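What follows is the residue order along each chain.
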Amino acid sequence: EGTVFLILLFIGFRTSRRTGRRERHLAGMQRTFLLAVTHELKTPVAAVKLMLETLNSREMSDEQRRKLVADALKETNRLEGLTGNILLATRLEQGQDQGELTSTDLSPMLLGETTRFAHLYQSQRTVTHSIQPEVVVSGEPELLRAVCFTLVENAIKYPPPGGHVGVALHLEGEAAVITVSDNGAGIPDEEKERIFTKFYRSGNEQVRRHKGTGLGLYIVASSLRLHHGRIEVSDNRPQGSTFTARLPLHDASSR
Ligand code: ADP
């Protein structure tokens, strides 16, 4: 009896230490997240304000004006993505009822996000797409749009300028399959699962070049789970990564 008691005590002690460590780790990530968010909100707001002031107060050539407007749009696009992600993550976190699942055509949604980003980054990236029309799933449009937005945004954001991004949507049996590939640095095997957890960002905060909060892929994975789908990442050849999202078609899920 004494031995059993000691063993139980030992197991209890180890479990509570592990839980404590996990909580401290999460608290640390949350602090980093708050700092990142504050910074991320302040910088684009200040930048857009300056750009608008410049547009308003100076004579400039059409070319200069176009460049300023394009830069301001990029910043507002990022702001919109960031604030949208914070709201969505909070909603998913609170396990609030998802909105009604309606029959949603993924094709124009993915095409819209792809062409929007392709246009915004036309001087720095080539984006090609092969999107089958009328791929209809049963889903919540806001969450599905966030899935498309994040996968395309990351594929454009992480690889260095000059990179190539490929976006595809097709039917595979009774599933809709979205693939987004890039030819950037790729994702090491040991991080392939962790990138889908909340706040996770690879690398070190001090040396990180890319802006972000670590919420995007968490939202992608949680949203796909809610739609009975899943997301995977694999290596692209010869380099980069390929994200593959699968979700049941509307007909399949309503049967
Ligand atoms: P964020 O982009 O805000 O950091 P995400 O959840 O979208 O958050 O991504 C988590 C991490 O996964 C990123 O910090 C990045 O390290 C890695 N990652 C995501 N997409 C790519 C990609 N296409 N190529 C390389 N790394 C990526």
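Bear in mind that the values here come from a model prediction, so they are computed numbers and not experimental data. Throughout this document, residue positions are counted from 1 along each chain, in the order its sequence is written. Only residues with pLDDT of at least 70 get local features here, since the model is predicted, and only at 80 or more are side-chain atom pairs given and counted; chain-wide, interface and lining totals rely on the full set of residues. Excluded from the side-chain calculations are hydrogens and water; all other atoms, namely the structure's heavy atoms, are used.

Caption draft 1: Spatial organisation of the site of the ligand. Working definition: residue near molecule or strand if any one of its non-hydrogen atoms lies within 4 Å of it. By nearness alone, 18 residues border the ligand, and Y158, R201, S202, T213 and L217 come closest of all. G216 has a polar backbone atom sitting 3.4 Å from an oxygen atom of the ligand. We define a polar contact as two N or O atoms separated by no more than 3.5 Å, with the added condition that, inside protein, one atom must be a possible hydrogen donor and the other a possible acceptor, whereas residues neighbouring each other in sequence contribute only through side-chain atom pairs. Measuring from an oxygen atom of the ligand, one finds a backbone N or O atom of L217 at 2.8 Å. About the coverage of the ligand: the protein hides 94% of its 540 Å² of free accessible area. Residues are grouped as follows: Ala, Val, Leu, Ile, Met, Phe, Trp, Tyr, Cys and Pro are nonpolar; Asp, Glu, Lys and Arg are charged; all remaining types, including Gly, are polar. Across the shell around the ligand, the residue classes tally to seven nonpolar, eight polar and three charged. Values of accessible area rely on a 1.4 Å probe in the Shrake-Rupley scheme; residue burial ignores everything except the protein chains shown.

Caption draft 2: Broad picture of the environment of T126. Comment: elements are numbered from the N terminus, with helices defined as DSSP H or I runs of at least four residues and strands as E runs of at least two. Of note, T126 is situated in strand β2 (residues 126-131). With relative accessibility at 46%, the residue T126 sits in the partly exposed group. Sequence separation between T126 and G81 is 45 residues, and the spatial gap between their C-alpha atoms is 21 Å. Residue contacts are counted whenever heavy atoms from the two residues lie within 4.5 Å of one another. Excluding its chain neighbours within four sequence positions, the residues that come into contact with T126 are G163, H164 and V165. The classification of residues rests on relative accessible area computed with a 1.4 Å probe and restricted to protein chains. Under 20% of the type maximum is buried, over 50% is exposed, and intermediate values are partly exposed.

Caption draft 3: A look at the packing of helix α3 (residues 106-120) against helix α4 (residues 141-157). Angles here are taken between N-to-C directions and fall from 0 to 180 degrees, while the axes themselves are lines fitted to C-alpha atoms, restricted in helices to the stretch in contact. Across the interface, α3 lies against α4 with an axial gap of 9 Å and an inter-helix angle of 35 degrees. Handedness of the crossing formed by α3 with α4: right-handed. Of the residues in α4, those in contact with L106, M109, L110, E113, T114, R116 and F117 of α3 are P141, L144, R145, C148, F149, V152, E153 and I156. Looking at the contact of α3 with α4 residue by residue, the class counts come to ten nonpolar, one polar and four charged. Crossings are assigned a handedness: left-handed for a near helix turned anticlockwise from the far helix by less than a right angle, right-handed for a clockwise turn.

Caption draft 4: Representation of the nonpolar core within the structure. We call a set of buried residues a nonpolar core when its members are Ala, Val, Leu, Ile, Met, Phe, Trp, Tyr or Cys and they connect through side-chain atoms within 4.5 Å of each other. Membership of the largest hydrophobic core comes to 38 residues, with the highest contact counts inside it found for L106, L151, I231 and F243. Contributing elements (two or more residues each) for this core: α3, β2, α4, β4 (164-172), β5 (175-182), α5 (216-226), β6 (230-235) and β7 (241-248). Ranked by residue count, the leading element in this core is α4, at eight residues. If we skip the residues at most four places from it in the chain, I231 touches L151, F196, V220, A221, L224, F243, T244 and A245. In terms of nonpolar packing, the next biggest core, distinct from the first, is built from twelve residues, F33, L92, A146 and L215 among them.

Caption draft 5: Region of interest: the pairing of β6. Any two strands between which DSSP finds at least two bridges are classified as paired. In terms of strand pairing, β6 meets β7 through six bridges, oriented antiparallel. Bridging from a neighbouring strand, S234 pairs with T242 of β7. Counting the residues in the hairpin turn of β6 and β7 gives five residues, including G240, whose phi is positive at 105 degrees.

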